[in-house]
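The lines below spell out each chain.
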Amino acid sequence: MKALVYKGPGQKSWEEVPNPAILQPTDIIVKIDTTTICGTDLHILKGHVPTVEVGRILGHEGVGTVTELGAAVTSLKLGDQVILSCVSACGHCSYCKLGVYSHCLADEGASGIGWILGHLIDGTQAEFVRVPFAETSVYLLPENVTPQQGTVLSDILPTGHEIGVKYGRVKAGDVVAVVGAGPVGLAAIATAGLYGPSRIIAIDLDANRVEEARKFGATDTVVSSDADWKKQVLAMTDGLGVDVAIEAVGIPQTFTMCLDIVRPAGAVANVGVHSKSVDFPLQDLWISNINISMGLVNTDTLDILLKLVAQKKIVAENFVSHTFELGDIIEAYDVFGRAAETKALKVLLNA
Ligand code: NAD
Ligand code: ZN
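What counts, and where the lines are drawn
Residues numbered from 1 in each chain as written. Chains lettered and ligands numbered in written order. Predicted model: local features only at pLDDT ≥ 70, side-chain atom pairs only at ≥ 80, totals over all residues. Near = placed C-beta within 6 Å. Helix = DSSP H or I, 4+ residues; strand = E, 2+ residues; numbered from the N terminus. Nonpolar A, V, L, I, M, F, W, Y, C, P; charged D, E, K, R; others polar. Domains from an automatic or database assignment. Axes fitted to C-alpha atoms, helices over the stretch in contact; angles between N-to-C directions. Parallel < 35°, antiparallel > 145°, perpendicular 65-115°, else oblique. Left-handed = near helix turned anticlockwise from the far one by under 90°. Contact = placed C-beta atoms within 7 Å.

*Asks:* Give me the lowdown on the site of ligand 1, citing residues and values where you can.
*Replies:* Within the structure, ligand 1 sits among 31 residues, and Gly39, Gly180, Gly182, Val184 and Gly250 are positioned closest to it. Among the secondary structure elements, those contributing two or more residues to the shell around ligand 1 are helix H1 (39-45), helix H4 (156-166), helix H5 (183-192), strand E11 (199-204) and helix H8 (252-261). When its residues are assigned to classes, the shell around ligand 1 shows 15 nonpolar, 12 polar and four charged. Split by domain, the residues of the shell around ligand 1 number at least three in each of domain 1 (2-154 + 298-350) and domain 2 (157-294).

*Asks:* Please set out the domain arrangement of the protein chain residue by residue, giving values where relevant.
*Replies:* Segmenting the protein chain into domains produces domain 1 (2-154 + 298-350) and domain 2 (157-294). Each of domain 1 and domain 2 has a C-alpha centre, and these two points are 27 Å apart. The element contributing the most residues to the side of domain 1 that touches domain 2 is H1, with three residues. A class-by-class count of the residues in the side of domain 1 that touches domain 2 yields eight nonpolar, eight polar and three charged.

*Asks:* Just give me the short version of the packing of H4 against H5, but keep the residues and values in it.
*Replies:* Direction vectors running N to C along H4 and H5 enclose 65 degrees, while the axes themselves pass 7 Å from each other. Regarding the angle of H4 to H5, the classification is roughly perpendicular. As for the relative orientation of H4 and H5, their crossing is right-handed in sense. Between H4 and H5, the contacting residues are Ile156, Leu157, Thr159, Gly160, His161, Gly164 and Val165 on the first element and Pro183, Val184, Gly185, Ala187, Ala188, Thr191 and Ala192 on the second. Looking at the contact of H4 with H5 residue by residue, the class counts come to eight nonpolar, six polar and no charged.

As structure tokens, then:
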């Protein structure tokens, strides 16, 4: 089969590789129908995620059709079209029991932080993928949801919701600021709206991105390259600061921006994947009573978000800016990597 292979920092190749095989009785093999490129793939390609080895097939989002079943898989059948969670989890180890599925301890010889597709195991930017622990890691695609809509449920929608909105404890009446209006920030905006906040402020360097955010439910926009961006945010909160600041970029500067605009006893929910230390001025922060959270998505809310997508309460297609054939993935990476120019949001690849 053909797959997108990580060749070391700055290098990738779309090349012929062996087809995946069932290794454990709980595995399935899925033929990819739709996959995408994520901001995290760009971090990996820059060499910022050293746990990803050279030779790894990238990609952790997708919808596909079951083509092989491990002997222990009874709740799925050949031909089922399924949404793949970006993290596979056994469902019964001590972390899975705590609901921290992204840290699943089930060991297949390797060890580390769970079973993220395209990270410690091969991923979805390929014609076929092996999915471990399939019964607890894939979701049947309902008839009224297309593979293209379903693909945003693999990662970005649960990530914005779980690590941004839920960890930030967004509640009715809150003023929520989301720093970074890329696909993940937009997912946080779209899902924050489900909780009835009074304002959702989209903040991005890119004026086009913040305008785009209105489609997802942002009520206010701030362009962070404006010298007075912070004054603009504070003016929206009677000078108090926001209740919840969600970081959806992954650089030290935007984490600091969140600390700068949160009110005392508010929350900063960091979603971004960071590759550098951030400035953490505990000598100033200790007095603020703020709650700071972070983490890897668990996709434990994928099911409920899928229902909301099916009911059109979340408009999944709003996330998609470009669609390519899977074989044109190198061109798709180029378009996604130049998002400021190409206005790329989610770039889909159809097999
Ligand atoms: P993206 O790169 O497409 O979007 C980032 C956005 O941030 C862009 O719109 C960009 O203009 C904006 N930005 C950059 N610098 C800024 C600044 N100084 N001020 C304001 N805005 C700025 O990324 P994405 O796909 O939306 O992902 C966002 C982050 O979430 C990434 O770090 C990604 O790796 C991470 N992520 C985390 C998890 C998790 O489990 N925690 C899962 C998936 C993705
Ligand atoms: Zn587990």
